[in-house]
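The primary structure of each chain is shown beneath.
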Amino acid sequence: MENTYTIVKEAYNGEKVYIDYSKLNGFKFTPKNTIKYKGIKVNSLLVIKPSFIEKLLKKKVKRKLDFYLNYIISLMDDDEEDGTGLSEAYNDLKRYKSIVEYKYRKYLDQKYINLLLKKIEILEHELKMKMIYLQEEVYELEERRRSR
């Protein structure tokens with residue numbers, strides 16, 4: 001068994017306190033651990049306080065939506081795109097939408113979830129329109145080749 005422990009600020013006296021995490025309800029995530037240092041390495045973190053969970057998820061979702069927006073803008077601006085990047089981005093966005101719908105729904109309020117889903121649908125719509133535009137261009141090029 002792996003040593004798992006928690007430190008409670010008010011009651012910390014140097015002892016390890018073992019907790020059965022399967023009985024606790026909360027949001028579990030893994031930190032990035034990008035900075036190397038000597039000390040405790042955190043593999044996973046279970047957040048129990050609802051207000052803290054909400055703050056973490058809102059920050060995480062905002063960062064991810066900004067990433068998708070910048071990525072989609074870069075795909076839209078790329079004139080030499082053949083559509084494979086667009087379809088991959090569309091599939092990834094659909095996967096993220098299902099994560100928001102089914103995983104984050106119990107931690108975030110309904111109004112915020114609906115707003116997120118609308119934003120994701122707008123991004124999906126833009127990707128669809130660009131894919132359709134590229135398909136029409138390919139079709140027109142094929143028609144020109146046939147007519148010659």
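A short tour of the structure in this document, coming up. The shown structure was predicted, so the numbers you read here are calculated from the model rather than taken from an experiment.

## Things to note about the packing of aromatic side chains
Counted under the stated rule, the structure contains 6 aromatic pairs. Note on Phe27 and Tyr104: the rings are 6.1 Å apart at their centroids and 70° apart in plane angle, and the pair reads as edge-to-face. With Phe27 in strand β1 (residues 27-29) and Tyr104 in the loop between α2 (84-102) and α3 (110-147), this pair connects stretches of sequence that are 77 residues apart. A single burial state applies to Phe27 and to Tyr104, both of which are buried. On the numbers, 5.8 Å between centres and 55° between planes, the contact of Phe67 with Tyr68 is tilted. Aromatic rings pair up to connect Phe27, Phe29, Tyr104 and Tyr107 into one cluster. Above the face of the Tyr112 ring, Lys58 is positioned so that its terminal group lies 4.8 Å from the ring centre.

## Comments concerning the nonpolar core
Ranked by internal contacts, the top residues of the largest apolar core, which has 27 residues, are Val100 and Tyr104. Elements with a minimum of two residues in this core: α1 (50-77), α2 and α3. Broken down by element, this core gets its largest block of residues, 9 residues, from α3. Other than its neighbours up to four places away in sequence, Tyr104 contacts Phe27, Leu57, Lys60, Val61, Tyr96, Ile99 and Ile113.

## A short note on the layout of surface pockets
Put simply, the second largest pocket is a space of about 400 Å³. Around the second largest pocket sit Phe27, Phe29, Thr30, Pro31, Lys32, Lys55, Leu56, Leu57, Lys59, Lys60 and Arg63, which together line it. Breaking the lining of the second largest pocket down by element, the ones donating at least two residues are β1 and α1. It is α1 that contributes the most residues to the lining of the second largest pocket, 6 residues altogether. For the lining of the second largest pocket, the per-class residue count stands at 5 nonpolar, 1 polar and 5 charged.

## Quick look at the side chain of Lys130
Turning to its location among the elements, Lys130 is positioned in helix α3. For Lys130, a relative accessible area of 13% corresponds to the buried category. In terms of polar contacts, Lys130 uses its side chain to reach the backbone carbonyl oxygen of Met76, at 3.3 Å. Beyond its immediate sequence surroundings of up to four residues, Lys130 is in contact with Leu75, Met76, Asp78 and Leu86.

Calculation criteria
Residues numbered from 1 in each chain as written. Predicted model: local features only at pLDDT ≥ 70, side-chain atom pairs only at ≥ 80, totals over all residues. Heavy atoms only, no water. Phe/Tyr/Trp six-rings, centres within 6.5 Å; stacked < 30°, edge-to-face > 60°. Helix = DSSP H or I, 4+ residues; strand = E, 2+ residues; numbered from the N terminus. Buried < 20%, exposed > 50% of the residue type's maximum accessible area, 1.4 Å probe, protein only. Lys NZ or Arg CZ within 6 Å of the ring centre and 35° of its normal. Core = buried A, V, L, I, M, F, W, Y, C linked by side-chain atoms within 4.5 Å. Contact = heavy atoms within 4.5 Å. 1 Å grid on protein atoms, 1.4 Å probe; cavity = no way out; pocket = protein on both sides within 12 Å on 5 of 7 lines; lining within 4 Å. Points joined across faces, edges and corners; volume = space filled by probe spheres on them. Nonpolar A, V, L, I, M, F, W, Y, C, P; charged D, E, K, R; others polar. Polar contact = N/O pair within 3.5 Å; in protein donor to acceptor, adjacent residues only side chain to side chain.

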